[in-house]
Amino acid sequence: MSAPGRSGKSAEAAPGEPEVWLSAFRTAVHAQKQIFADHRDIEARSEYEGIGEGGDRTLVIDRLCEDTVFAELERLHADGLEFTAISEERGTVTFGDPAAPTRIVIDPIDGSLNARRTVPCHSLSVAVAEGESMADVTLGYVYEFGASEEFVAVAGHGATRDGATMTVPPGDGLEVVALEASKPERVQAAAAALAGNAFRLRSPGSIAVSASYVAAGRFDGMFSTRPTRSVDAAAAQLLVREAGGHLSFGGELSESSLGLDARYGFAAARTEADLDVLLQAQDAVP
Ligand SMILES: [Mg+2]
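All of the points below concern the structure found in this document.

What counts as what
Residues numbered from 1 in each chain as written. Predicted model: local features only at pLDDT ≥ 70, side-chain atom pairs only at ≥ 80, totals over all residues. Pairing = 2+ DSSP bridges. Helix = DSSP H or I, 4+ residues; strand = E, 2+ residues; numbered from the N terminus. Axes fitted to C-alpha atoms, helices over the stretch in contact; angles between N-to-C directions. Contact = placed C-beta atoms within 7 Å. Buried ≥ 20, exposed ≤ 12 C-beta atoms within 10 Å, placed from the backbone. Core = buried A, V, L, I, M, F, W, Y, C linked by C-beta atoms within 7 Å. Domains from an automatic or database assignment.

What the five strands build is an open sheet, ordered β12-β11-β13-β17-β15; its pairing is mixed. Each end of this open sheet is capped by a strand with a single partner; those strands are β12 (198-202) and β15 (246-248). Ignoring which end each strand starts from, the neighbouring axes of this sheet average 20° apart. Along the sheet face, helix α6 (residues 207-215) touches β11 (174-180), β13 (221-224) and β17 (267-269) and points at about 160° away from the line of β13.

In structure tokens:
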């Protein structure tokens, strides 16, 4: 089976097949577009309501966007699927048998600051895993709302952007590198370490988008200057791997937990050599 494109018909897919999940995530995206349309300006998007399980303050739009995903998860559970959801705001929520291996790892808005400030680059990131580690992710889904692009990876079957196969281009060298969590003092240290090794830096503001762009060949590499949470990286790391790129969580993939408490130094690049350069720069960050 190839990575499903947009034309897939969920009605023909068996429960638990990628098309079933993708259909649910696309329904959530459709609902989220309406939420952003209903909260069009910075003021409307800047309302908060408490602290999420992931530790960040929860924006009303974060919660509304998460609700769209959970509405779909409720529906799939009603159809008989059993799984545990791990989500930025609600935390860990079990649907049915807690021993069921399937994990759904959700960042309803990756790039909340961009979304709040009406900067177009932000994403919905959802991973489906048949186990508890990054190595167990079988489906990665990232939808970027600025360009309205859909990135999908199916383990063992490749990665696609809007249905077209993505392969990391051959060759090495860091022409464009994305830095995430770009606090000035951390960027300063990272940039000093990259001087002479990278031509240009970008800071999109969404880890899932930056890593998806590595998979798409738009960036030669990316890294976060502070520890990344599972919800930010779970989907995009499969995109990078399925597109033929390299990445690091600072340890074995099979030891990198999908749990909400886990934190990693996350980096991705086209080649192993380029990844080494980025990891050195990441190490230089205080
Ligand atoms: Mg978020």
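Another point: the environment of Ser 182. With respect to the helices and strands, the residue Ser 182 is situated in the loop between β11 and α5 (184-194). You can call Ser 182 partly exposed: it has 18 C-beta atoms within 10 Å. On a C-alpha basis, the gap between Ser 182 and Gly 265 in space is 14 Å, while along the polypeptide they are 83 residues apart. Discounting chain neighbours no more than four positions away, the residues touching Ser 182 are Val 187, Ser 203 and Thr 225.

Moving on: the environment of Ala 198. Its place among the elements puts Ala 198 in strand β12. Given 22 C-beta atoms within a 10 Å radius, Ala 198 is considered buried. Taking the C-alpha atoms as reference points, Ala 198 and Arg 186, 12 residues apart in sequence, are found 17 Å from one another. Excluding anything up to four places from it in sequence, Ala 198 contacts Leu 174 and Val 177.

The next thing to look at is unusual backbone geometry. Residues apart from glycine generally show negative phi values, whereas peptide bonds are mostly found in trans. For Thr 118, which is not a glycine, the phi torsion comes out positive at approximately 60°. Mapped onto the elements of the fold, Thr 118 is located in the loop between α4 (112-116) and β6 (123-130). Using a count of 15 C-beta atoms within 10 Å as the deciding quantity, one classes Thr 118 as partly exposed.

Val 105, Val 126, Ala 127, Ala 211, Ala 215, Ala 235 and Leu 239 are the most contacted members of the largest nonpolar core, which totals 81 residues. Three or more residues apiece are contributed to this core by two domains, here domain 1 (10-166) and domain 2 (174-283). When neighbours within four sequence positions are excluded, Leu 239 is seen to be in contact with Gly 140, Val 142, Phe 151, Ala 153, Ala 159, Ala 211, Ser 212 and Ala 215.

With that settled, consider the pairing of strand β3 (residues 83-87). Most of β3 sits out of view: five of its five residues are buried. Neither face of β3 is left uncovered, since the one carrying Phe 83, Ala 85 and Ser 87 and the one carrying Thr 84 and Ile 86 both have all their residues buried. As paired elements, β3 and strand β4 (residues 91-95) share five bridges and run antiparallel to each other. Following the sheet pairing, Ala 85 is matched in β4 by Val 93. The loop that links β3 with its antiparallel partner β4 comprises three residues. Here four bridges tie β3 to strand β5 (residues 102-110), and the two strands are oriented parallel to one another. Pairing of Thr 84 across the sheet is with Arg 103, part of β5.

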